[in-house]
Amino acid sequence: MKINNILIIGPMGSGKSSIGKILAKRTSKKFLDIDFQIIKNQGMNISEIFEKYGEEYFRDLEKKELEKLDNIEDYIISTGGGIILKQENIDMMKKIGLILFLDIDINAQLERVKNKKNRPLIDNDNVESSLLALKKYRDPIYNSICDYIIDVSNKEKNVIIKEIEKIIL
Ligand code: S3P
């Protein structure tokens, strides 16, 4: 396993992208965000991709982006919350690097996603029940595939970064 790469997994609103960016700077690694790569390559935002082509199509795009990372080194990679839905993605991620799960409780998560747009899976009238349903299905997967778990609920970013650095440095 190439442990010089770190993949950040976890649900929407757990801070995968923002923590990943800070971590990359502090560890002098390169940063890559799978969702951002998809948006850039498709020339569309995520809601537009879901609307036009559906979720399965988006899931294939996630897989294709991961496939491109086969030989990379010294990267911090932020993923989308649903990247763990395909077993092939899990297998690839395990080969690419160390997997860090940013865990978050539902209240902190609700607080963090409430003003954010462009998340088609929770773009409805009952965000809480949508998040809870995703959590119930996905948390066991995040937990079982990760190398490390950091609980990010109600913590400042600098505290989270310190906790991560304790593990990886
Ligand atoms: C998704 C999470 C999103 C994005 C897409 C689907 C999911 O990424 O990939 O909207 O299935 O949980 P974030 O986790 O970065 O919000």
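Note that the structure is a prediction, hence the values are computed from the model and not measured. Each chain carries its own residue numbering, running from 1 in the direction its sequence is written. For a predicted model such as this one, the threshold for reporting local features is a pLDDT of at least 70, and the threshold for listing and counting side-chain atom pairs is 80 or more; totals across whole chains, interfaces and linings nevertheless cover every residue. Side-chain figures throughout are based on the complete set of non-hydrogen atoms in the structure, without hydrogens or water.

In the contact formed by helix H4 (residues 55-67) and helix H5 (residues 87-96), the axes pass within 10 Å of each other and the chain directions differ by 25°. One way to sum up the angle between H4 and H5 is to call them roughly parallel. The way H4 lies across H5 gives a crossing that is left-handed. Residues Lys63, Leu66 and Glu67 of H4 pack against Glu88, Asn89, Met92, Met93 and Ile96 of H5. Gly counts as polar in this scheme, as do all residues outside two lists: the nonpolar Ala, Val, Leu, Ile, Met, Phe, Trp, Tyr, Cys and Pro, and the charged Asp, Glu, Lys and Arg. Each residue belonging to the contact of H4 with H5 can be placed in one class, and the counts come to 4 nonpolar, 1 polar and 3 charged. Note on geometry: axes are C-alpha line fits, over the in-contact stretch for helices, and angles between N-to-C directions span 0 to 180 degrees. Helix and strand assignments come from DSSP, with helices taken as H or I runs of at least 4 residues and strands as E runs of at least 2, each series counted from the N terminus. An angle below 35 degrees is treated as roughly parallel, one above 145 as roughly antiparallel, one from 65 to 115 as roughly perpendicular, and anything else as oblique. When the near helix sits turned anticlockwise from the far one by under a right angle, the crossing is termed left-handed; a clockwise turn instead gives a right-handed crossing. Pairs of residues are marked as contacts when any of their non-hydrogen atoms sit within 4.5 Å.

Let us look at the nonpolar core. Membership of the largest hydrophobic core comes to 28 residues, with the highest contact counts inside it found for Ile9, Ile34, Leu66, Leu69, Ile77, Ile84 and Met93. Mapped by element, the contributors of at least two residues to this core are strand S1 (6-9), helix H2 (34-42), helix H3 (46-53), H4, strand S3 (75-78), H5, strand S4 (98-103) and helix H7 (127-145). Considering every element that reaches this core, the biggest residue donor is H5, with 4 residues. Apart from the residues lying within four places of it in its own chain, the contact partners of isoleucine 84 are Ile9, Ile90, Met93, Arg138, Ile141, Tyr142 and Ile145. Residues grouped as a nonpolar core are buried Ala, Val, Leu, Ile, Met, Phe, Trp, Tyr and Cys residues, joined through side-chain atoms within 4.5 Å. The buried label applies to any residue whose accessible area, calculated with a 1.4 Å probe on protein chains only, is under 20% of its type's maximum; exposed applies above 50%, and partly exposed to all values in between.

The subject of this paragraph is the site of the ligand. As a structural note, the neighbourhood of the ligand is formed by 13 residues, with Lys16, Asp35, Arg59, Arg119 and Arg138 the closest of them. The term polar contact refers here to a pair of N or O atoms within 3.5 Å; inside protein, the definition further demands a hydrogen-donor-capable atom paired with an acceptor-capable atom, and it admits residues adjacent in sequence only when both atoms are side-chain atoms. Between the ligand and aspartate 35 there is a distance of 2.8 Å, counted from an oxygen atom to a side-chain nitrogen or oxygen. Reported accessibility uses the Shrake-Rupley method at a 1.4 Å probe radius. Residues are deemed covered only where the shown protein chains occlude them. Bound to the protein, the ligand loses 95% of the 380 Å² it would expose on its own. In terms of residue class, the shell around the ligand is made up of 5 nonpolar, 3 polar and 5 charged. Whether a residue is near a molecule or strand depends on its heavy atoms: if one lies within 4 Å, it is near.

This paragraph deals with H3. Because an α-helix packs 3.6 residues into every turn, residues spaced three or four apart end up facing the same way. Among all positions of H3, only Ile46, Ile49 and Phe50 are buried. One side of H3 holds all its buried residues, which, seen down the axis, span an arc of 95°. Across from the buried face of H3, at angles greater than 90 degrees, the exposed residues are Glu51 and Lys52. Of the surrounding secondary structure, the elements contacted by the buried residues of H3 are H2 and H4. Here H3 starts with a cap whose side-chain oxygen sits 3.1 Å from the backbone nitrogen of serine 47, and that cap is asparagine 45. A positive phi of about 95° marks glycine 54, the residue just after H3. Regarding the arc, it is the one traced by the directions from the helix axis to the C-beta atoms.

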